[in-house]
Structure formats: C-alpha cells, structure tokens
Amino acid sequence: MAHSPLEKIRNIGITAHIDAGKTTTTERILYYTGKSHKIGEVHDGNTTTDYMEQERERGITITSAAVTAMWNDNRINIIDTPGHIDFNIEVNRSLRVLDGAIFIIEGVAGVQPQSETNWRLADRYNVPRIIFINKLDRTGADFYKAAATLTEKLGINWVALQLPIGIEDQLKGVVDLVEMKALIWEGDELGAKYHEAPIPADMADKVAEYRQKLLDTAVGVDETAMEEYFEKGDVSVETLKRCIKKGTISGEFRPVLCGSAFKNKGVQPLLDAVIDYLPSPVDVEGIKVAPEEGQDETAERRIIPVKPEGPFAGLAFKIINDKYGNLTFVRVYSGVLRQGDMVMNTTKGHKERIGRMFQMHADKREEIKEVIAGDIAAFVGLKDTGTGDTLASQEDPVVLERMAFPVPVIDIS
Ligand code: GDP
C-alpha cells in the first residue's frame, strides 16, 4: 500500500471523562471510515475498542492501542488514551506520541472533574485540541451551558464552529458557522446522511453573535486575514479555516463542535474538523532528544524534525501481548524502517531486527513492508524493547525524550 503523504496523516487521541462517549465516538468514527462493517454498541459488550474483554474471551487482539482509519484519502491514527484517573501514567505515555486530540465533554454535565485532569495533562504536552460536546440528544442537554463550563472550569478561550439545531429529542443538526450553512440529519440510522439547508430563521441572532465571535477570535491570529477582514468586513472560508487551524495548533483558542455520537449526529463533520484543524506530523515541531546525563529537562536540546529523509528514529509507546506474540507500537519521527532492518534500541543499548509490521484497523490488521516518519505501526517480535524506549538507526543513535512520568503525587495530607 502506498504511503500517505505526511500532510495527510493525523495522529490523534480521544480523551473524555468516563461515560462522556469516547468509546461510542470511536466506534462511529471507525464505522464512517469504512473499516468497521458491523457496529458494536457499548451495551452489547462487543465494541471494537473495548478489546481487553474480548481478548480474554476469544484470545484475539482487536487492539485499540492505535487504530488506523481512512477519511477522504487521509489516514487518521487513533491512539488510545485511557480515560480513568488511575491510568494517569498511561495517559501520559500516549499523549506524548499524538499530535492532536478530540476532547469530548458531555452535553448535560459539561466539564467534569476528570476532564479537568485530562485537560491539564494535555496542556503539559501542548496537544492541540478540538472539543466535541456530545450527548446533545439527552434530556437536560444544553450546548450553551456545557460550553460555559469550558470557561468556568478550564478557563479556556473557546470558539464555537457549530451551533445545534434543536436539542434533546428534537436535535436535528447543526449550523456550520465556518461555511454558514445548516446541516440537517436524515434519520437516526447508522450511515445517516445529512443534507445542507438554509440556516433556520429563528436562530439568526444566535448565529450572528457566534459567527462574529468566531471571526474576531480566529482572524486575530493572522495579520493577512486581519487585513482582509477589516477591508471587506468578512473573510473567505479558506482564510477562516487557515486561521482556525493556526489558532488550534498554537492553542490560542479551542474550537468547539457538537452533536450526539450515539445518534450519529455530528461525527462526520467532526472527522472533517480533525483533518482541517488538527496538525499533521509536519505541522508540529518534532521531538527533542533526551537530556544528557546531568542535564535537566529545561536544557537546550537537539530537535529531531519529522521527515522521511533523515536517519530512522522512533518511540515505542505501547506493548500488547496477543497470540502472535508481542506487538510493540511505535511512533516514527524520522526516516523509514523496512522489514528486516537492524535498528538500535538506544535506550537499552542493544540491536533489534525488525520483523513483520502491521497497521491495525478496526476489523483487521494490515501487513506493511515499511513505516515512515510521522506514521505509527505495530512491530511483531521485538526481543527487548519496552514502553518509552527509542529505536534509532546505527548512523545516528539518538535517544528521544522519554515520557514524563510518573505524574507528580499530590499531597493532600
Ligand atoms: P466512554 O466511557 O467515554 O467511553 O463512554 P461510552 O462511549 O462508553 O458511553 C457511555 C454511555 O453513554 C453508553 O451507554 C453510551 O451508549 C452512551 N452515549 C454515548 N454517546 C451518547 C450520545 O451521544 N447520546 C446518548 N444519549 N448516549 C450516549
């Protein structure tokens, strides 16, 4: 299979308070990206991402450590970021290797305590985020109240890209504030389509208010866009999208989308937003090498840029045992690695031979012959490579920055 150009790769995580809908959203994404033919509802106990139960039962790995999905010619690698507070170390590990995240909050409760914890962790790694306010079909859901908790609890500068049309069991679609059109869903079934419609007249004031806020916030990050805006009183969709991407990556503001994953409302536009606004591997800085002995975290260090031409360097971020043996998930930062290549485990100081490599999809694993900078793959049968170890070429045997853990212990005595 041909490589996706780097600009068409997104390495993302989905983080949420428990029960906010991470599993459901992931399922829907896998469904829409065409890799999962049968949808697993959470209550059936057969969701693709709840793999551990199944693994125990059936002895197979349908792994969620990193699932690959294709969306309009783009490759989205979804890296599992455990949601529960007890897994903070795991959350840390996975945040290190992703370039962006979808942050889900609930439409009824808004930001919950554990969302705060996960938000701060993502802050620590400067992970660009888009926010999805889920469960708007539920009784008591309120987009505006839930969004207000982003300000109250997280103190962040957020900006709505969508407003819901209807709410609770009357949730019909969203107004897209970027392209200024309404998207109305047809039916509740999986694979539900939506059609474009004029913005409902009774929402005109709200839409004008939030569109203005979006323009003021987004355009503020870009001089040229600002000029265009002041000259014409408006900006093109293209310019606006560029500004939103810029502000999202820099963290100056956080875009907000909404819907109901369970009812299949809002997931396709969410995928579009992942492609439009979250960074590709080349939009981010690269990775630092680890501090030398005696150096501290803040010391000036070499940065390994994300590019296929360089010597190979990658980070093992998760290991899963299945019936085929060890699967080591590696995020590649630089170079290309092919089956049969020798690499150094520079963390431990020994060589490893690369055997089979796979990309994991929802319902199958796809064998690949090589993996390139920016991408993620699972390696079979590495002898002694642990989570957090660097694999690098013998030419340039760098050790990459390790994941910062353990998490500081909070003393409450
Ligand atoms: P997770 O813990 O964040 O992975 O949350 P799940 O995806 O497992 O969802 C928790 C519960 O909320 C499940 O019973 C889901 O069916 C339900 N749920 C998820 N998304 C929605 C939604 O958009 N609307 C409604 N009404 N229920 C949802």
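Residues numbered from 1 in each chain as written. Predicted model: local features only at pLDDT ≥ 70, side-chain atom pairs only at ≥ 80, totals over all residues. Heavy atoms only, no water.

Below, the discussion takes up the confidence of the model for the protein. Overall, the predicted model of the protein reaches an average pLDDT of 85, with 84% of residues at or above 70. When the criterion is pLDDT under 50, residues 35–63 qualifies, and its contacts beyond four places in sequence or with other chains add up to 65 contacts. Confidence metrics for the complex model read pTM 0.88 and ipTM 0.99. (pLDDT = per-residue confidence, 0-100. Contact = heavy atoms within 4.5 Å.)

By the definition in use, this model includes 22 salt bridges. Across the pair Arg-331 and Asp-99 runs a salt bridge whose closest N-O atoms are separated by 3.1 Å. Here Arg-331 is found in strand β15 (residues 325–334), whereas its partner Asp-99 is found in the loop between α3 (88–97) and β4 (100–106), with 232 residues between them in sequence. The exposure classification of Arg-331 matches that of Asp-99, with both residues buried. A salt bridge links Asp-123 to Arg-120, with the nearest nitrogen and oxygen atoms 3.9 Å apart. With Asp-123 and Arg-120 both in helix α4 (residues 113–124), this residue pair falls 3 residues apart, about one helical turn. (Salt bridge = Lys/Arg side-chain N within 4 Å of Asp/Glu carboxyl O. Helix = DSSP H or I, 4+ residues; strand = E, 2+ residues; numbered from the N terminus. Buried < 20%, exposed > 50% of the residue type's maximum accessible area, 1.4 Å probe, protein only.)

All right, on to the sheet that holds strand β9 (residues 181–186) then. The strand order across the open sheet built from 4 strands is β7-β8-β9-β10, with neighbouring strands paired in antiparallel fashion. Bordering the open sheet on either side are β7 (162–165) and β10 (193–197), each of which pairs with just one other strand. The mean angle between the axes of side-by-side strands here comes to 30°, regardless of whether they run parallel or antiparallel. Of the pairings in the sheet, the one linking β9 to β10 comprises 5 bridges and is antiparallel in character. Bridging from a neighbouring strand, Glu-186 pairs with Lys-193 of β10. (Pairing = 2+ DSSP bridges. Axes fitted to C-alpha atoms, helices over the stretch in contact; angles between N-to-C directions.)

Another point: the nonpolar core. Core analysis: the largest hydrophobic core is formed by 70 residues, its most contacted members being Ile-102, Ile-130, Ile-133, Leu-150, Leu-214 and Ile-244. No other element matches helix α9 (residues 267–277), which puts 7 residues into this core. Once residues within four sequence positions are removed from consideration, Ile-244 is found in contact with Leu-161, Val-178, Leu-214, Ala-218, Phe-253, Pro-255 and Tyr-277. Within the second largest apolar cluster, 32 residues are counted, among which are Leu-98, Leu-315, Met-360 and Val-380. (Core = buried A, V, L, I, M, F, W, Y, C linked by side-chain atoms within 4.5 Å.)

Near the ligand there are 16 residues, and of these Asp-19, Lys-22, Thr-23, Thr-24 and Asp-137 occur at the shortest range. Contact distances for the ligand include 3.4 Å between an oxygen atom and a backbone N or O atom of Ala-20. Here the ligand loses 81% of its free accessible area of 580 Å² to cover by the protein chains. Ranked by residues supplied to the shell around the ligand, first place goes to helix α1 (residues 22–32) with 3 residues. In the shell around the ligand, the residues fall into 5 nonpolar, 6 polar and 5 charged. (Near = heavy atom within 4 Å. Polar contact = N/O pair within 3.5 Å; in protein donor to acceptor, adjacent residues only side chain to side chain. Areas by Shrake-Rupley, 256 points an atom, 1.4 Å probe, with all protein chains shown as cover. Nonpolar A, V, L, I, M, F, W, Y, C, P; charged D, E, K, R; others polar.)

Here Ala-147 shows up in helix α5 (residues 143–154). A relative accessible area of 0% means that Ala-147 is categorised as buried. Separated by 110 residues in sequence, Ala-147 and Leu-257 place their C-alpha atoms 10.0 Å apart.

Okay, α9 next. An α-helix turns once every 3.6 residues. As a result, residues three or four positions apart point the same way. Burial within α9 is extensive, with 9 of its 11 residues counted as buried. When we look at burial in α9, the residues that qualify are Val-267, Gln-268, Pro-269, Leu-270, Leu-271, Ala-273, Val-274, Ile-275 and Tyr-277.

Let us look at the sheet that holds strand β2 (residues 66–71). The strand order across the open sheet formed by 7 strands is β2-β3-β1-β4-β5-β11-β6, and the pairing between neighbours is mixed. What marks the edges here is a single partner per strand, and that holds for β2 and β6 (158–160). Here the strands of the sheet are splayed against their neighbours by 30° on average, with no regard to which way each runs. Two elements, strand β1 (residues 9–16) and β4, share 5 bridges in a ladder whose sense is parallel. Note on β4: the bridge partner recorded for Thr-15 is Phe-103. With respect to the sheet, α4 is in contact with β1, β4, β5 (129–134) and β11 (254–258), its orientation differing from that of β5 by roughly 165°.

A positive phi angle, near 80°, is found at Asp-19, a position not held by glycine. For Asp-19, the location among the structural elements is in the loop between β1 and α1. A relative accessible area of 64% means that Asp-19 is categorised as exposed. For Glu-168, which is not glycine, the phi torsion reads 55° and is therefore positive. Residue placement: Glu-168 occurs in the loop between β7 and β8 (173–176). Accessibility expressed as a relative area gives 27% for Glu-168, which makes it partly exposed.

Attention now moves to the packing of aromatic side chains. For the structure shown, the criterion picks out 7 aromatic pairs. Judged by centre distance (5.6 Å) and plane angle (75°), the rings of Tyr-31 and Tyr-32 are edge-to-face. Pairing Phe-317 with Phe-329 gives two aromatic rings, centres 6.2 Å apart and planes at 55°, and the pair type is tilted. Placement of the pair is Phe-317 in strand β14 (residues 313–322) and Phe-329 in strand β15, with a sequence separation of 12 residues. Each member of the pair, Phe-317 as well as Phe-329, is classed as buried. Here the aromatic residues Phe-143, Tyr-144 and Tyr-210 are joined through ring pairs into a cluster of three or more. Its guanidinium or amino end placed over the ring of Trp-119, Arg-129 lies 4.2 Å from that ring's centre, counting from NZ or CZ. Over the ring of Tyr-333 we find Arg-331; its NZ or CZ atom is 4.5 Å from the centre of that ring. (Phe/Tyr/Trp six-rings, centres within 6.5 Å; stacked < 30°, edge-to-face > 60°. Lys NZ or Arg CZ within 6 Å of the ring centre and 35° of its normal.)

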